[in-house]
Amino acid sequence: MHQSETSKDWKWQIANQISTRDQLDAYIDLTDSERAAFDEKIPLSFAITPHYAGLLKHAALRSTVIPTGYENHVGTGELADPLGEEDHRATPYLIHTYPDKVLFLATSFCSTYCRYCTRSRMVGKPSENAFTFEESFRYIEQHTEIRDVLFSGGDPLTMTDSVLDELLTRIRSIPHIRMVRIGSKVPAVLPMRITDELCAILRRHKVWLSLHFIHAAELSPETEAACRKLSDHGIGMVSQTVLLKGINDNSQTLTDLFYGLLEMNVKPYYLLQCDPVRGSAHFRTSVEKGIELIRSLHGNISGLAVPQYVIDAPGGGGKVPITGIEQIRREGDDVLFINYEGKEYRYPDPKNEL
Ligand SMILES: *Cc1c(COP(=O)(O)O)cnc(C)c1O
Ligand code: SF4
């Protein structure tokens with residue numbers, strides 16, 4: 001087949017993942033500093049689909065997927081596991097932080113790796129685990145208080161149809177499970193994965209998608225077609241956006257993204273304060289900036305276009321919606337706030353570190 005036909009196929013995109021500087025050179029003109037970053041140790045996994053590489057003509061997206069020297073800088077309070085997930089691990093694949101929901105880490109593979117990923121400690125890294133899930137299914141069966149299962153990883157939609165179908169069939173066989181979600185960036189980075197066959201599987205198991213988008217530049221015609229197809233199959237979709245300094249931290253950029261998502265039947269759900277993962281200081285805005293941004297949207301744009309601004313409480317306090325400055329207080333380099341259990345948590349937010 002001619003490349004222009006095969007490149008529409010998701011398996012071709014994964015087989016032709018860009019994971020070295022030489023491969024990247026074939027797609028885009030690297031700047032001197034981007035080039036230099038490859039001469040240093042790159043602590044996080046690196047790969048980009050050819051589809052996403054084609055979007056990197058938009059300057060805003062480049063530093064979110066191309067390594068920079070900043071990744072080697074560990075800022076104040078930054079951790080490999082900022083959300084304390086390892087402390088809430090119920091099985092090798094289940095994170096049980098909240099009372100009635102579990103996060104199910106079904107794969108560590110992504111087609112494209114985000115430089116700010118909260119699970120950069122594990123995504124794209126070799127795992128000792130065999131990815132056999134029986135123990136995890138049994139845990140969910142035994143814990144009848146669990147109603148909501150969120151498959152994440154890694155990106156579960158990079159798994160094959162048959163593996164996904166099996167996983168979803170098993171989880172749907174558990175009577176107390178009422179909600180099944182998959183967290184994925186696939187419609188942005190690998191939109192050709194959204195086939196009619198996949199949609200039929202998601203539909204059959206009544207799956208909601210929680211999609212990851214950071215900028216309207218990701219809403220390519222292919223992505224629009226993918227979301228249209230999902231919508232036509234009746235799949236519920238929400239989005240999560242990580243607030244990123246210099247990339248989407250202004251009202252206009254966020255407004256463009258959120259309206260663009262609504263036009264694709266994707267409801268903006270969360271605007272996430274960037275987690276203090278190691279090497280993320282250059283991506284993180286202050287919490288005050290996040291509050292200013294979300295307040296600039298409330299009332300001024302369609303209420304449906306406004307997500308909740310949340311801080312995922314470091315250490316595992318869960319996501320805390322922040323709507324105003326009165327909800328936080330500062331103590332030195334930390335911002336403190338109260339979670340849903342009434343417990344106080346702190347987010348490291350040093351001024352002018354980078
Ligand atoms: C985000 C998250 C969930 C889902 O939270 P919602 O607020 O219901 O979307 C569940 N478990 C963990 C560990 C999470 O980080
Ligand atoms: S798609 Fe999600 S899991 Fe994968 S690297 Fe990006 S943020 Fe991490």
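For the structure, check the block above.
What counts, and at which threshold
Residues numbered from 1 in each chain as written. Chains lettered and ligands numbered in written order. Predicted model: local features only at pLDDT ≥ 70, side-chain atom pairs only at ≥ 80, totals over all residues. Heavy atoms only, no water. Helix = DSSP H or I, 4+ residues; strand = E, 2+ residues; numbered from the N terminus. Rg over C-alpha atoms; globule rule 2.2 N^0.38 Å. Buried < 20%, exposed > 50% of the residue type's maximum accessible area, 1.4 Å probe, protein only. Areas by Shrake-Rupley, 256 points an atom, 1.4 Å probe, with all protein chains shown as cover. Near = heavy atom within 4 Å. Polar contact = N/O pair within 3.5 Å; in protein donor to acceptor, adjacent residues only side chain to side chain. Nonpolar A, V, L, I, M, F, W, Y, C, P; charged D, E, K, R; others polar. Core = buried A, V, L, I, M, F, W, Y, C linked by side-chain atoms within 4.5 Å. Contact = heavy atoms within 4.5 Å. Pairing = 2+ DSSP bridges. Axes fitted to C-alpha atoms, helices over the stretch in contact; angles between N-to-C directions. Arc of directions from axis to C-beta. Salt bridge = Lys/Arg side-chain N within 4 Å of Asp/Glu carboxyl O. Parallel < 35°, antiparallel > 145°, perpendicular 65-115°, else oblique.

Please explain the overall build of the protein as it appears in this structure.
Of the regular secondary structure elements, the protein holds 13 helices and 13 strands. For 354 residues, the compact-globule estimate of 2.2 N^0.38 gives 20 Å, and the protein sits close to it at 20 Å. For the protein, with 354 residues in total, the buried portion stands at 55%. With the model as given, the accessible surface of the protein reaches about 15200 Å², and the carbon-plus-sulfur share is 50%.

Please clarify how the site of ligand 1 should be interpreted in this entry.
The local shell around ligand 1 consists of Thr97, Tyr98, Lys101, Leu103, Leu150, Arg181, Tyr269, Tyr270, Asp312 and Lys319. At a separation of 2.5 Å, an oxygen atom of ligand 1 approaches a polar side-chain atom of Tyr270. Lys319 is positioned such that a nitrogen or oxygen atom in its side chain is 3.0 Å from an oxygen atom of ligand 1. Of all the secondary structure elements, the ones that give two or more residues to the shell around ligand 1 are strand S3 (101-105) and strand S8 (267-273). Grouping the amino acids of the shell around ligand 1 by side-chain chemistry returns 5 nonpolar, 1 polar and 4 charged.

Is there a simple way to explain the nonpolar core in this structure?
A general feature of soluble globular proteins is that nonpolar side chains tend to end up buried together. In this structure, Ile48, Phe104, Ile140, Phe151, Leu202, Leu209 and Phe337 are the most contacted members of the largest nonpolar core, which totals 96 residues. Ranked by residue count, the leading element in this core is helix H13 (residues 287-297), at 5 residues. Beyond its immediate stretch of four places on either side in the chain, Ile48 contacts Gln17, Ile18, Leu24, Ala53, Leu56, Val65, Ile66, Ser111 and Thr112.

Looking at this structure, I do not really get unusual backbone geometry. What am I missing?
What you tend to see is this: most non-glycine residues have negative phi, and most peptide bonds are trans. Backbone torsion omega between Gly153 and Gly154 reads 10°, so that peptide bond is classified as cis. For Gly154, the location among the structural elements is in the loop between strand S4 (148-152) and helix H8 (161-172). Despite not being glycine, Asn265 has its phi angle at roughly 65°, a positive value. Along the chain, the position of Asn265 falls in the loop between helix H12 (251-263) and S8. Overall, Asn265 belongs to the partly exposed group, its relative accessible area being 49%.

Help me out: how do you make sense of the sheet that holds strand S11 (residues 329-331) in this one?
Paired through backbone hydrogen bonds, the strands of a sheet run either parallel or antiparallel to each other. Across the sheet, 3 strands lie side by side as S11-S12-S13; this open sheet has antiparallel pairing. The strands lining the two open edges of the sheet, one partner per strand, are S11 and strand S13 (344-348). Across the sheet, the mean angle separating the axes of adjacent strands is 35° when strand polarity is ignored. As paired strands, strand S12 (residues 334-338) and S13 are joined by 5 bridges and run antiparallel to one another. Residue pairing for S13: Phe337 is matched across the bridge by Tyr345.

How should I be thinking about helix H10 (residues 196-204) in this particular structure?
Every α-helix carries 3.6 residues per turn, so stepping three or four residues along brings you back to the same face. What H10 keeps buried is the set Leu198, Cys199, Ile201 and Leu202. The buried residues of H10 occupy an angular sector of 160° when projected down its axis, which confines them to one face. Turned more than 90 degrees away from the buried face of H10 sit Glu197 and Arg204, all of them exposed. On its buried face, H10 is in contact with H8, strand S5 (179-184), strand S6 (207-212) and helix H11 (221-232).

Looking at this structure, I do not really get the side chain of Thr253. What am I missing?
Its location among the elements puts Thr253 in helix H12. Thr253 sits in the buried class, given a relative accessible area of 15%. When near neighbours in sequence (up to four residues on either side) are disregarded, Thr253 contacts His215, Ile247 and Asn248.

Sorry if this is basic, but what is going on with the pattern of salt bridges here?
Side chains that differ in charge, positive against negative, can pair when their charged atoms come close. The final tally for this structure, using the stated rule, is 28 salt bridges. A single network of salt bridges, built from pairs that share partners, joins Asp81, Glu85, Glu86, Arg89, Arg119 and Arg121.

Whenever I open this one, the packing of H8 against H10 confuses me. Can you help?
Helix-helix packing is characterised by the crossing angle of the two axes and by the distance between the axes. Closest axis-to-axis distance for the H8/H10 pair is 10 Å, and the angle between their directions is 5°. With respect to their mutual orientation, H8 and H10 come out roughly parallel. Packed against H8, whose contacting residues are Asp161, Leu164, Asp165 and Leu168, the element H10 presents Glu197, Leu198, Ile201, Leu202 and Arg204 at the interface. Looking at the contact of H8 with H10 residue by residue, the class counts come to 5 nonpolar, no polar and 4 charged.

Even after reading the chapter, I still don't get the pairing of strand S10 (residues 318-321), so can you show me in this structure?
In this sheet, S10 lies alongside strand S9 (residues 308-313) in antiparallel orientation, the contact comprising 4 bridges. The residue bridging Ala313 from the neighbouring strand is Gly318, located in S10. Taking the residues between adjacent antiparallel strands as the criterion, S9 and S10 are bridged by 4 residues, where Gly315 takes a positive phi near 95°.

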